[in-house]
Amino acid sequence: MFSEDFTKLSGSDQTRFAEVCNKLLLKGFVVREFYDPREKTMRNSQDYKFIERYFDIFENYLKFSGWTLKRDENLGVYALFNDYEDNRIRIDREASVILVTLRKIYDDQRQENQTSAQSGQAIYLTTNGLIGAMKIYGIFMPGKRLTGRLVGKSLRFLANHNIIAKVSGSYDEGNVNFFILPSIVYALDNDKVVAMSNALDELRAKEKENQGGLVNEDAYQG
């Protein structure tokens, strides 16, 4: 039982448990590696190690409130899901488009580097690189010019939920360098990737039809 196991923890570990649990509930994900701005490198997460050490206690505690804690040792992710789906966050269209693009980039990079890269490795990207990838994929935002500042708003949101990790730059200026974290696999599952990709294909087809088959190059601005 949770109460019995919890009381066996030291006072400091009980406090730490509360802190890490609150991070899980706030962000939804804890990843094995995070970007340390002081060391300017990816480092092992002490939060991840703490959950790993006391996983059964975390799992049992969260079950009381209707939460399921999923563990992916291959990717290095702890993901929290509500059994009643009450933790669904509605995001705007811009953030949805950015999220599906990042997922496609992450999957493509992992496929290319599967023989040499670690399974849970984060993928480094720049704002301009993201916009360039959207152009390659044919992804755009209907009715809006795709700029670094527009992208930056969505990146800030994703960073707050441990889906990306900012390295440098400014969200407001639209020049962010960041890592795509492996938690993106759980932030957007395969079925939603397919559904959103199909929706974007339909929008792209309508855009081409309206322009007589031409791609609107003005939709992108690096």
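For the structure, see preceding data.
Residues numbered from 1 in each chain as written. Predicted model: local features only at pLDDT ≥ 70, side-chain atom pairs only at ≥ 80, totals over all residues. Heavy atoms only, no water.

Engineer: Just to check I follow, could you spell out the packing of aromatic side chains for this structure?
Structural biologist: Scanning all chains against the criterion turns up 14 aromatic pairs. When the centroid spacing of 5.7 Å and the interplanar angle of 80 degrees are considered together, the rings of Phe 17 and Tyr 61 count as edge-to-face. Residue Phe 17 is located in helix 2 (residues 11–27), and its partner Tyr 61 is located in helix 4 (residues 55–64); the two are separated by 44 residues in the primary sequence. Under the relative-accessibility criterion, Tyr 61 is labelled partly exposed at 33%. Seen in terms of ring centroids, Phe 81 and Tyr 186 are 6.4 Å apart; in terms of plane orientation they differ by 55 degrees. Their pairing is tilted. One end of the pair, Phe 81, is in strand 5 (residues 77–82); the other, Tyr 186, is in helix 8 (residues 184–187), and 105 residues separate them in sequence. The rings of Phe 2, Phe 6, Phe 17, Phe 50, Tyr 54, Phe 58, Tyr 61 and Phe 64 are connected pair by pair, giving a single aromatic cluster. (Phe/Tyr/Trp six-rings, centres within 6.5 Å; stacked < 30°, edge-to-face > 60°. Helix = DSSP H or I, 4+ residues; strand = E, 2+ residues; numbered from the N terminus. Buried < 20%, exposed > 50% of the residue type's maximum accessible area, 1.4 Å probe, protein only.)

Engineer: I tried to follow the sheet that holds strand 1 (residues 29–31) on my own but got confused; where do I start?
Structural biologist: Strand pairs in the sheet, formed through backbone hydrogen bonds, run parallel or antiparallel to each other. Taking strand neighbours across the sheet as the criterion, the three strands line up as 1-5-4 in an open arrangement whose pairing is antiparallel. Strands at the two margins of the open sheet, each flanked by one partner only, are strand 1 and strand 4 (67–72). In this sheet, adjacent strand axes meet at a mean angle of 15 degrees when their direction is disregarded. Of the strand pairs in this sheet, strand 4 and strand 5 are connected by six bridges, and their pairing is antiparallel. Along strand 5, the bridge assignment pairs Asp 72 with Val 77. (Pairing = 2+ DSSP bridges. Axes fitted to C-alpha atoms, helices over the stretch in contact; angles between N-to-C directions.)

Engineer: Would you explain the pattern of salt bridges in this entry?
Structural biologist: Counting across every chain of the model gives eleven salt bridges. Glu 73 serves as the salt-bridge partner of Arg 71, at 4.0 Å between the closest nitrogen and oxygen. Here Arg 71 falls in the partly exposed class, since its relative accessible area comes to 40%. A salt bridge links Glu 94 to Lys 144; the shortest N-O distance between them is 2.6 Å. Taken as a pair, Glu 94 in helix 5 (residues 93–112) and Lys 144 in the loop between helix 6 (127–137) and helix 7 (148–160) lie far apart in primary sequence, 50 residues in all. On the basis of relative accessibility, which here comes to 10%, the residue Glu 94 falls in the buried class. Residues joined in a network through salt bridges with shared partners are Arg 16, Glu 19, Lys 23 and Asp 47. (Salt bridge = Lys/Arg side-chain N within 4 Å of Asp/Glu carboxyl O.)

So far we have only geometry, and geometry alone does not tell us how the molecule works.
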